Amino acid sequence: MKRIAVLVSGRGSNLQALIDAERKGDLGGAIALVVSNVPGAHALERARLAGVETVVIDHRGRLREDYDRDLLSVLQERHIDVVCLAGFMRILSAIFIRTFGGPIINIHPSLLPAFAGKDAQRQAFEHGVKVSGATVHLVDEGLDSGPILMQEAVEVRDDDTADALAARILETEHRIYPLAVHLLCRGSLRLEGRRAILEVP
Ligand code: GRF
């Protein structure tokens, strides 16, 4: 069973979706740890309620690489195989990504490569696209730029608001993130250039 760490900064609804999937036997791995860089993050409460170990590593006043070194030790001490970012509002350093060794994945609320970065749902809405969605991708050294593992489209309606669109995208996130984690933990990941192929035996 792969040991998963989920990194969070805020409300933790994607963490909850992962916890719920694990409870149903649908995650393909075990959430062994939740790390937050924000001490009061609601996600921590969700983890505690689920009986998952939590660690807070506050980023304030820390250099990025020192922070990431501490994060790495916490993950290595607990033999974490897979890292899932779920609303973790920090960019991980190249050292972290190269040293961790296992897959690091993220959920992003747009169809990448469109609308990387913050407020992706609003960016898409204001741009006027007719279709947006959610993306699960591998984390590399760029901003939301790693190989794509899974995507699902969400239609933008004529009478939409940015908030209503974001809410529908979030439902999609909660569906595809556990599914992608399941495939990653149970199958194998092959990279052909930027093309990521998840194969299930
Ligand atoms: C989600 O929209 C996710 O796609 C983005 O940050 C948000 C986190 O929400 N990376 P939550 O903390 O999982 O509720």
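One can find the structure itself at the top, above this paragraph.
Computed from a predicted structure; not experimentally measured.

(A) Focus on the packing of aromatic side chains. Considering all chains together, one arrives at one aromatic pair under this definition. Judged by centre distance (6.1 Å) and plane angle (5°), the ring pair of phenylalanine 96 and phenylalanine 100 falls under stacked. Of this pair, phenylalanine 96 and phenylalanine 100 both sit in helix H4 (residues 94-100), four residues apart, roughly one helical turn. The pair phenylalanine 96 / phenylalanine 100 is uniform in exposure class, with both members buried. The aromatic ring of tyrosine 67 is capped on one face by arginine 90, whose charged end is 4.2 Å from the ring centroid.

(B) Examining the sheet that holds strand S6 (residues 131-138) more closely. Here seven strands make up an open sheet; going across it, the order is S3-S2-S1-S4-S5-S6-S7 and the pairing mixed. The two strands at the open ends of the sheet, each matched to only one other strand, are strand S3 (54-56) and strand S7 (148-155). Recorded for the sheet is a direction-independent mean angle of 20° between the axes of neighbouring strands. Running over the sheet, helix H3 (residues 64-77) touches strand S1 (2-8), strand S2 (29-36), S3 and strand S4 (82-85) and is turned about 150° from S2.

(C) Structural context of helix H2 (residues 42-49). Restricting attention to buried positions, one finds in H2 the residues Ala43, Leu44, Arg46 and Ala47. The buried residues of H2 occupy an angular sector of 160° when the element is viewed end-on, so they sit on one face. Each element contacted by the buried residues of H2 is listed here: S1, helix H1 (13-23), S2 and S3. Once H2 finishes, glycine 51 follows within two positions and takes phi at roughly 75°, a positive value.

Rules of the game
Residues numbered from 1 in each chain as written. Predicted model: local features only at pLDDT ≥ 70, side-chain atom pairs only at ≥ 80, totals over all residues. Heavy atoms only, no water. Phe/Tyr/Trp six-rings, centres within 6.5 Å; stacked < 30°, edge-to-face > 60°. Helix = DSSP H or I, 4+ residues; strand = E, 2+ residues; numbered from the N terminus. Buried < 20%, exposed > 50% of the residue type's maximum accessible area, 1.4 Å probe, protein only. Lys NZ or Arg CZ within 6 Å of the ring centre and 35° of its normal. Pairing = 2+ DSSP bridges. Axes fitted to C-alpha atoms, helices over the stretch in contact; angles between N-to-C directions. Contact = heavy atoms within 4.5 Å. Arc of directions from axis to C-beta.

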